[in-house]
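If you want the building blocks of each chain, they are given just below.
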Amino acid sequence: MALHRLTSITIGVPNVAETAAYYTEFGLSPNGETTFTTVDGGEQLRLTHSPTRRLVELGIGAEDPDDLHRIASHLVRLGAAHRIADGRLTAKDPGTGVTVTITPSPRISREAKPAPLYNGPGRTERPDTRAPGVLRETPVSPRKLGHVVLGSIDQEASQRFFTEGLGFKSSDEVPGVAAFLRCSTDHHNVLIQPAPVPYLHHTSWEVEDVDEIGRGAHRMLLGHPERHVWGLGRHHIGSNFFWYLKDPAGNFSEYYSDLDCIVNDAIWKPEVFTDLRALYNWGPPVPPSFIEPEDLAALMTGAHSS
């Protein structure tokens, strides 16, 4: 696969300083006042001022410069405007309004770690010691940006832009509701859903395991119960554990772990889902605000007045 990961995102918000403080507390490392890094992915978040919250730019990593010209030829066939300059390709998805920038980038490399030891019925894999998850004291630090979820005013056009134009692959689909697309071995890196106005639904950040999800969310909610959106739970599509919080601009941010990995495209068979398994396998009921964010009407008004 020529594309291999999300490199960065730029989020526009009306309250930059307040939102920056939130993502610092979320566990991203500040690199200046408005840019943030993850443990493995480097600089992956930039905040900029915008009258309404939105995803301004999505960065994607490619293997080498030749990939840019190959992708450009696909965009030409799709009739999508694009530009190659300064070693990068830029194109804009008309459905989501997001500018996509593709740049030759190094892959994320990680040291293999031993699997955590869990005791269970008939097996004692961790004798005479407490679970490492309850002994951790360091703050939770996301390892990388995993995926973004975008509302599109033309879901089919956005799906074609990412698949036929950029080269993403389809992992699973809920017809008329969500398309799970990947540019890496992760189950999904971009999810497109239909919406009355283009907007950013959520960003998702990988942490070590479900203990880190719980620890991170617990710390974020101390003194700030209004940040809670949905969790703890486990999705069916993608299989990942999740907990969603809300930043001061209204964007949802997700801690996740244990996402499905698609290493062999010939083995993975995309499925079409039509029931609630598309949302979660277990966890609290889905809050209405997750399906339709509370500021959606305001975003629509802002879009119409801009």
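Refer to the structure above for everything that follows.
Computed from a predicted model, the values in this text were never measured in an experiment.

K.L.:
Where do I start with helix α4 (residues 155-166) in this structure?
P.N.:
Its twelve residues give α4 an end-to-end C-alpha distance of 15 Å, which sits within 8% of 16 Å, the value for a rise of 1.5 Å per residue. All of the buried residues along α4 are Gln-155, Ala-157, Ser-158, Gln-159, Phe-161, Phe-162, Gly-165 and Leu-166. Directly beyond the C-terminal end of α4, a positive phi value near 105° is found at Gly-167.

K.L.:
Help me understand the sheet that holds strand β2 (residues 29-30), please; the structure alone is not making it clear to me.
P.N.:
Within a sheet, each strand pairs with its neighbour through backbone hydrogen bonds, oriented either parallel or antiparallel. The eight strands lie next to each other as β2-β3-β4-β1-β5-β8-β7-β6, forming an open sheet whose pairing is mixed. Bordering the open sheet on either side are β2 and β6 (82-85), each of which pairs with just one other strand. Of the strand pairs in this sheet, β2 and strand β3 (residues 35-38) are connected by two bridges, and their pairing is antiparallel. Its bridge partner being in β3, Ser-29 is matched across the sheet by Thr-37.

K.L.:
Would you take a moment to explain the packing of aromatic side chains for this structure?
P.N.:
Each pair of aromatic rings is reported with the distance of its centres and the angle of its planes. Applying the stated rule across the entire model yields 14 aromatic pairs. Three or more aromatic residues joined by ring pairs make a cluster, and in this case those are Trp-230, Phe-242, Tyr-244, Phe-252, Tyr-280 and Phe-290. When the ring centre of Phe-241 is taken as origin, the NZ or CZ atom of Arg-234, which lies over that ring, is 4.0 Å away.

K.L.:
Explanation requested: helix α1 (residues 16-26) in the structure shown.
P.N.:
In an α-helix, one turn spans 3.6 residues; hence positions three or four apart end up facing the same way. Those residues of α1 not exposed but buried are Thr-19, Ala-20, Tyr-22, Tyr-23 and Phe-26. For α1, the angular spread of the buried residues around the axis is 155°, confining them to a single face.

K.L.:
Can you walk me through the environment of Val-149 in this structure?
P.N.:
Among the secondary structure elements, Val-149 is positioned in strand β9 (residues 144-152). Among all residues touching Val-149, those that are not within four sequence positions of it are Leu-191, Gln-193, Tyr-199, Leu-200, His-201 and His-202.

K.L.:
How should I be thinking about the packing of helix α2 (residues 65-78) against α4 in this particular structure?
P.N.:
Axis angle and axis distance: for two packed helices, these are the angle between their axes and the distance between the axes, and together they describe the pair. For the pair α2 and α4, interaxial distance at closest approach is 8 Å and the crossing angle is 130°. On the basis of their axis angle, the class for α2 and α4 is oblique. Contact residues: α2 offers Ile-71, His-74, Leu-75 and Leu-78, while α4 offers Arg-160, Phe-161, Glu-164, Gly-165 and Leu-166. Looking at the contact of α2 with α4, its residues break down into five nonpolar, two polar and two charged.

K.L.:
Hey, could you run me through the environment of Glu-206 in this one?
P.N.:
In this fold, Glu-206 is placed in strand β13 (residues 199-206). Given a relative accessible area of 16%, Glu-206 falls into the buried group. Spatially, the C-alpha atoms of Glu-206 and Leu-145 are 6.4 Å apart, while their sequence positions differ by 61 residues. Look past the residues within four positions of Glu-206 in its chain and what remains in contact with it is Arg-110, Pro-142, Arg-143, Lys-144 and Tyr-256.

The rules we used
Residues numbered from 1 in each chain as written. Predicted model: local features only at pLDDT ≥ 70, side-chain atom pairs only at ≥ 80, totals over all residues. Heavy atoms only, no water. Helix = DSSP H or I, 4+ residues; strand = E, 2+ residues; numbered from the N terminus. Expected span 1.5 Å × (residues − 1). Buried < 20%, exposed > 50% of the residue type's maximum accessible area, 1.4 Å probe, protein only. Pairing = 2+ DSSP bridges. Phe/Tyr/Trp six-rings, centres within 6.5 Å; stacked < 30°, edge-to-face > 60°. Lys NZ or Arg CZ within 6 Å of the ring centre and 35° of its normal. Arc of directions from axis to C-beta. Contact = heavy atoms within 4.5 Å. Axes fitted to C-alpha atoms, helices over the stretch in contact; angles between N-to-C directions. Parallel < 35°, antiparallel > 145°, perpendicular 65-115°, else oblique. Nonpolar A, V, L, I, M, F, W, Y, C, P; charged D, E, K, R; others polar.

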